[in-house]
Amino acid sequence: MPIEIGETLPHVTFKTMTSSGASEMPSQDVFAGKKVVLFAVPGAFTPTCHGSHLPGFIKHYDELKAKGVDTVACTGVNDVFVFGAWAKASEVDDKILFLADGNGDFAKAIGMDIDLSVAALGLRSKRYAMLVEDGVVKALHVEDSPGKAEQSSAEALLAAL
């Protein structure tokens, strides 16, 4: 079952790219005591993810921070090296925390995994955006198609804040 508003996110370990290389980041470090906007993409560098979903969160970063958001984070079922390259290529300037979910552990744990084998992409994350306060989901916007970034856009999430 997909996670719902009011539920607590599971404890998993993400991978992040730092200046000294790949590093582990427990989900508790991301969410505990913080107001976090988390958006998920089916794949780094893919047309919708790279062309509209990520750019919207970069563009509206200051507005999200002005609404009391501590962290804006992106997750997806990609390895940490791909996510690191995507962050660099997208020139996010540390605005977005990239949380690689290489094996899909987080996506599976919250019921947001999707099999995109039909497009030769394998297991991926559904596209969504959520507001999380101290580990509890307060708002959740899930797309009905991985090629859309409307309900899960930064603009839609801002409107819900």
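Everything here concerns the structure above.
Keep in mind it's a predicted model, so treat the numbers as computed, not measured.

> Now, about the environment of alanine 32: what can you tell me, with residues and values included?
Mapped onto the fold, alanine 32 is located in the loop between helix H1 (27-31) and strand E3 (35-41). Residues alanine 32 and glycine 104, spaced 72 residues apart in sequence, show a C-alpha to C-alpha distance of 21 Å.

> Quick one: what's the story with the packing of aromatic side chains, residue by residue and with numbers?
For any two aromatic rings, the description comes down to two numbers: the centre-to-centre distance and the angle of the planes. Evaluated as defined, the whole model comprises six aromatic pairs. When the centroid spacing of 6.3 Å and the interplanar angle of 50° are considered together, the rings of phenylalanine 45 and tryptophan 86 count as tilted. With phenylalanine 45 in the loop between E3 and helix H2 (47-59) and tryptophan 86 in helix H4 (residues 80-89), this residue pair connects regions lying 41 residues apart in the sequence. In this structure tryptophan 86 comes out as buried when scored by relative accessible area, which is 0%. Among the aromatic residues, ring-to-ring pairing joins Phe45, Phe83, Trp86 and Phe98 into one connected group.

> So, the pairing of strand E5 (residues 96-100): which residues are in play, and what are the values?
Counted residue by residue, E5 has four buried out of five residues, so it is predominantly covered. Judged from the five bridges that link them, strand E4 (residues 71-76) and E5 form a sheet pairing that is parallel. Each bridged residue has a counterpart across the sheet, and for valine 72 the counterpart in E5 is isoleucine 96. Tracing the backbone out of E4, into H4 and back to the parallel element E5 gives a crossover that is right-handed.

> Lay out the nonpolar core with the relevant residues and their values.
Counting 26 residues, the largest nonpolar core has Phe39, Phe57, Val72, Trp86, Ile96 and Phe98 as the members making the most contacts within it. Among the elements that make up this core, the one with the highest residue count is H4 (four residues). When residues no more than four places from it in sequence are discounted, the contact partners of phenylalanine 57 are Val37, Phe39, Leu64, Val72, Ile96, Ala129, Ser152, Ser153, Ala154 and Leu157. Core analysis: the second largest hydrophobic core is formed by 18 residues, Leu9, Phe14, Val30 and Phe106 among them.

> Lay out the pattern of salt bridges in plain terms, naming residues and giving numbers.
Inspection of the entire model under this criterion finds one salt bridge. With its nearest N and O atoms 3.7 Å apart, the salt bridge here joins glutamate 24 to lysine 15. When its relative accessible area of 56% is taken as the criterion, glutamate 24 is described as exposed.

Parameters and conventions
Residues numbered from 1 in each chain as written. Predicted model: local features only at pLDDT ≥ 70, side-chain atom pairs only at ≥ 80, totals over all residues. Heavy atoms only, no water. Helix = DSSP H or I, 4+ residues; strand = E, 2+ residues; numbered from the N terminus. Phe/Tyr/Trp six-rings, centres within 6.5 Å; stacked < 30°, edge-to-face > 60°. Buried < 20%, exposed > 50% of the residue type's maximum accessible area, 1.4 Å probe, protein only. Pairing = 2+ DSSP bridges. Right-handed = clockwise from strand over helix to strand, strands pointing away. Core = buried A, V, L, I, M, F, W, Y, C linked by side-chain atoms within 4.5 Å. Contact = heavy atoms within 4.5 Å. Salt bridge = Lys/Arg side-chain N within 4 Å of Asp/Glu carboxyl O.

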